Each structure stands twice: as structure tokens, then as C-alpha cells.
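The chain contents come next:
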Amino acid sequence: MTRLQPLFSHPQTINIKTFLLVLLLASILQVPISTAPPIRLVVEAWVPPTLTLAPPPTFGLASFLFPVRSAKVVTSSDLLLMEESKNKNNKNPAAPVVSSSSLLYQTELAKASDFFVDAFWTAKVGGGTNQLSDSQRKELQRSQLAEFRKRYGPNRLVQKSQFFMVRQQQQQQQQQQQQQQQQQQQQQQQQQQQRDANAVNDAILACAGIELDAIRNGSVSSPVLLERSAPLMSNLAVARSYRRRGLAELLVQAVEDYVCETWPDQDACYLLVEARNRGAVKLYQKLGYQTLWSDDQAQTLLPQRSGELAMVPTVIVCMKKKLRKKRGKGIFSWFR
């Protein structure tokens with residue numbers, strides 16, 4: 001049988017195209033190639049075509065390894081719609097009509113403020129106490145609820161603000177919903193009442209707010225304005241046991257989607273964050289937010305281990321992200 005002898009007696013450098021051509025000819029002619037000395041292949045550089053993509057949603061590794069099951073985003077508008085639905089379905093004319101500023105909405109806002117105190121003010125970045133005293137907790141809950149009512153109250157829900165909560169259904173509630181889905185003859189009114197009950201009883205895992213507010217230039221107290229009215233995201237907090245699992249990213253995405261859909265004339269979103277909260281700053285940078293200015297003369301409230309609530313110096317960073325309107329869904333939403 002004819003055997004193809006080595007062409008070189010020492011290591012040689014040949015082009016990859018030449019090497020592949022030799023292999024192709026040997027395969028066609030069915031000629032075995034004897035063991036040849038080492039050959040160093042030179043692969044010509046290939047430049048792939050460029051394609052501009054918008055960055056896909058960024059989530060931490062834990063969000064894939066330990067995903068939060070049955071998490072859903074509920075807004076303050078959803079709560080008002082639930083309460084209005086209850087009023088319409090009330091068949092008892094003697095029963096009092098519940099206003100949209102009480103009961104369900106106010107109860108949920110109070111729950112959100114209590115959650116925020118635990119998730120944000122307890123062990124606050126900067127040396128805050130790990131355990132709030134009774135007086136600290138009561139004062140923070142009172143002031144936080146007053147702030148939430150001012151920022152996200154029913155009188156501002158029309159076009160001025162929105163409050164978001166990530167909630168997780170409890171195991172018992174999931175089983176109840178599965179049983180209800182199997183009962184095809186259940187009336188629509190009963191289904192609505194059960195959905196309302198689930199929204200109230202679900203555990204809050206994270207929260208955030210968005211409002212149209214004045215954006216100042218250079219410091220939080222500057223009289224000079226960058227924007228007279230622009231979307232300002234605030235009060236973002238995640239339960240400690242659910243951090244680094246993608247909930248903050250989920251909330252930020254929901255807020256940005258709301259801005260694009262509700263305020264189409266707005267093309268940017270702003271936020272204020274303490275510079276020493278490095279985890280939050282890094283997260284916002286990863287999501288596309290850029291620093292506009294830093295205020296090193298600012299102050300913030302910090303719960304002390306002595307049981308007091310003291311104002312301490314801090315550095316406030318103003319960040320901004322340019323928002324782009326989505327053109328599609330899924331992977332196509334990455335294209336611009």
C-alpha cells in the first residue's frame with residue numbers, strides 16, 4: 001500500500017488552509033498519513049461581524065441557583081383596583097362604602113412601611129444598630145408611613161407616583177389557588193375575592209417607589225435644578241434573607257418599564273444613594289446608572305446603639321440612566 005511520507009524532517013510552520021487541504025486529499029485518495037514531526041499551525045485572524053446589542057437583564061448568580069418561587073410585583077394602583085372591585089361587588093346596600101384611601105390600601109401601605117423599617121433601617125449601612133429599640137422602631141414606623149402616604153398616597157397615584165412591592169405567595173395559598181383552578185364552576189366574584197385576599201396575605205420581599213420630582217444639581221439642597229419634573233426612584237429595599245437573588249433587579253426593571261409606559265415623554269430615571277452603600281452603588285452601575293454628582297455635605301438619619309436616632313454626615317450620590325423604549329419582547333428586546 002502506498003504510504004505518504006513526511007514532507008519535513010523537523011518542525012515546520014504551515015498555513016491552516018494548507019494543512020486542511022492535505023487532510024482532505026488524503027481522505028479522498030484514502031492514503032494514510034504516517035506520523036510526521038510536530039507541525040505548528042498558523043491560524044489567520046478572523047474578525048467577526050459587529051452587532052450592537054442592548055445589555056440583557058443582569059442578575060446575580062444566586063438568582064439562578066436559588067430563585068424566588070412565585071414572586072410577583074404588585075403596585076399601589078393594583079391595590080386601589082382591588083378595593084374598587086370590592087365596592088362594586090358589594091350587594092348589601094346598607095353596608096358602608098369603603099373609600100380608596102382606607103382599609104386595604106392603607107393597611108398594605110402600613111405593612112410596607114413596617115417592612116422597610118426592618119429591611120432598610122435595621123443594621124443600616126454606616127454603623128447602624130443591628131437591633132432597634134422599641135422607641136426607635138415606633139418612631140421610624142411612624143415617620144416612614146407618613147413619607148409613604150405623602151409620596152405614594154391615593155391623591156398622587158394618577159400620574160405622579162407609583163409604589164411597587166415584590167410578594168411571595170405562601171404554601172397554603174398556593175394550594176388553595178390550585179384547588180380553585182380545578183373547580184371550573186366557581187363564580188367570578190369568588191375568584192376576585194380570593195385574589196384580593198392573596199394580595200393582602202402575601203409576604204413582602206422587596207419594595208421600591210417612583211415619582212415625578214425635581215432633580216437638583218450638585219447637592220440635595222441646591223437651588224439649581226437639573227430637571228423640574230423627572231422620574232426619581234427611591235425607597236428600594238430587599239429583605240435580608242432574599243438579597244442577591246435578583247429581586248432588586250426585578251424591581252428596577254419594573255420601575256423602568258412603568259416610566260416608559262406611563263410617562264412616554266420621560267427618557268431618563270434618577271436616583272439618590274449613599275456612597276458608602278457600595279453594594280447598592282455597584283448594583284446600579286451594573287444596571288446602567290451613571291454618577292452625575294456627589295454631595296459630601298449631606299446628612300442622613302442613623303439609628304444608634306444607644307437607642308437614639310441621630311443625624312450623621314454622609315455622601316449622597318445622584319445617578320442617572322438613559323431609558324430606551326423597547327421594540328420587542330424576549331431576546332428581541334435586547335436590540336436597539
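Residues numbered from 1 in each chain as written. Predicted model: local features only at pLDDT ≥ 70, side-chain atom pairs only at ≥ 80, totals over all residues. Heavy atoms only, no water.

Asks: Even after reading the chapter, I still don't get the overall build of the chain, so can you show me in this structure?
Replies: Secondary structure assignment for the chain yields nine helices and nine strands. When the 336 residues of the chain are sorted by exposure, 38% land in the buried category. (Helix = DSSP H or I, 4+ residues; strand = E, 2+ residues; numbered from the N terminus. Buried < 20%, exposed > 50% of the residue type's maximum accessible area, 1.4 Å probe, protein only.)

Asks: Would you mind showing me how to read the pattern of salt bridges here?
Replies: Where charged atoms from two side chains of opposite charge approach closely, those side chains can pair. If you walk through the whole model with that rule in mind, you get eleven salt bridges. A salt bridge links Glu139 to Arg142; the shortest N-O distance between them is 2.6 Å. Of the two residues, Glu139 and Arg142 both sit in helix H5 (residues 134–152), three residues apart, roughly one turn of that helix. Judged by its relative accessible area of 33%, Glu139 is partly exposed. Owing to a relative accessible area of 51%, Arg142 belongs among the exposed residues under this scheme. Close ionic contact of Arg151 with Glu147 constitutes a salt bridge, the shortest N to O distance being 2.8 Å. You can see Arg151 and its partner Glu147 sitting in helix H5, four residues apart, about one turn around the helix. The class for Arg151 is partly exposed, based on a relative accessible area of 22%. Ionic contacts of the salt-bridge type, sharing partners, join the residues Glu108, Lys111 and Arg167 into one network. (Salt bridge = Lys/Arg side-chain N within 4 Å of Asp/Glu carboxyl O.)

Asks: Looking at this structure, I do not really get the environment of Phe115. What am I missing?
Replies: In this structure, Phe115 sits in helix H4 (residues 104–121). Judged by its relative accessible area of 11%, Phe115 is buried. The sequence separation of Phe115 and Ile204 amounts to 89 residues, and the corresponding C-alpha distance is 7.2 Å. Excluding residues that lie within four positions of it along the chain, Phe115 makes contacts with Ile204, Leu205, Ala206, Cys207, Ala237, Val238 and Ala239. (Contact = heavy atoms within 4.5 Å.)

Asks: Would you mind showing me how to read the environment of Ser221 here?
Replies: Within the fold, Ser221 resides in the loop between strand S5 (203–216) and strand S6 (225–238). Residue Ser221 is classed as exposed on the basis of its relative accessible area of 61%. As a C-alpha pair, Ser221 and Gln297 span 76 residues in sequence and 9.6 Å in three-dimensional space.

Asks: Any chance you could explain the nonpolar core here in plain terms?
Replies: Across soluble globular proteins, nonpolar side chains have a tendency to be buried as a group. Residues Phe163, Ile210, Met233, Leu236, Val273, Tyr284 and Tyr289 are the most contacted members of the largest nonpolar core, which totals 52 residues. Among the elements that make up this core, the one with the highest residue count is helix H8 (residues 247–262) (nine residues). In this structure, Met233 is in contact with Gly209, Ile210, Val252, Val255, Cys269, Tyr270, Leu271, Leu272, Tyr284 and Tyr289, ignoring residues within four places of it in sequence. Among the nonpolar cores identified, the runner-up in size contains seven residues, and Ile215, Leu232, Ala268 and Trp293 belong to it. (Core = buried A, V, L, I, M, F, W, Y, C linked by side-chain atoms within 4.5 Å.)

Asks: Help me understand the packing of aromatic side chains, please; the structure alone is not making it clear to me.
Replies: Aromatic rings considered in pairs are described by the distance between their centres and by the relative angle of their planes. A full pass over the atoms with the stated rule returns nine aromatic pairs. With centroids separated by 5.4 Å and ring planes inclined at 85 degrees, the aromatic side chains of Tyr258 and Trp263 adopt a geometry described as edge-to-face. Looking at Trp263, the relative accessible area reads 5%, which means it is buried. Each ring, one from Tyr284 and one from Tyr289, has its centre 6.0 Å from the other, and the planes form 65 degrees; the classification is edge-to-face. (Phe/Tyr/Trp six-rings, centres within 6.5 Å; stacked < 30°, edge-to-face > 60°.)

Asks: How do you make sense of the side chain of Glu256 when you look at a structure like this?
Replies: If you trace the backbone, Glu256 turns up in helix H8. The exposure class assigned to Glu256 is buried, which follows from its relative accessible area of 6%. One polar contact links Glu256 to Lys321, side chain to side chain, over a distance of 3.2 Å. The contacts of Glu256, once residues within four sequence positions are left out, are Tyr289, Lys321 and Leu323. (Polar contact = N/O pair within 3.5 Å; in protein donor to acceptor, adjacent residues only side chain to side chain.)

Asks: Would you take a moment to explain the confidence of the model for the chain for this structure?
Replies: Low-pLDDT portions of the prediction should not be read for the details of their coordinates. The pLDDT averaged across the chain works out to 76; a share of 60% of its residues lies at or above 70. Looking at the elements of the chain, mean pLDDT is at its lowest for strand S2 (residues 39–42), recorded as 48, and at its highest for strand S7 (residues 268–274), recorded as 98. A low-confidence stretch, residues 93–101 (pLDDT under 50), is modelled with 13 contacts involving residues beyond four sequence positions or located in other chains. In the predicted structure, residues 195–200 sits below a pLDDT of 50 and forms eleven contacts with residues beyond four places in sequence or in another chain. (pLDDT = per-residue confidence, 0-100.)

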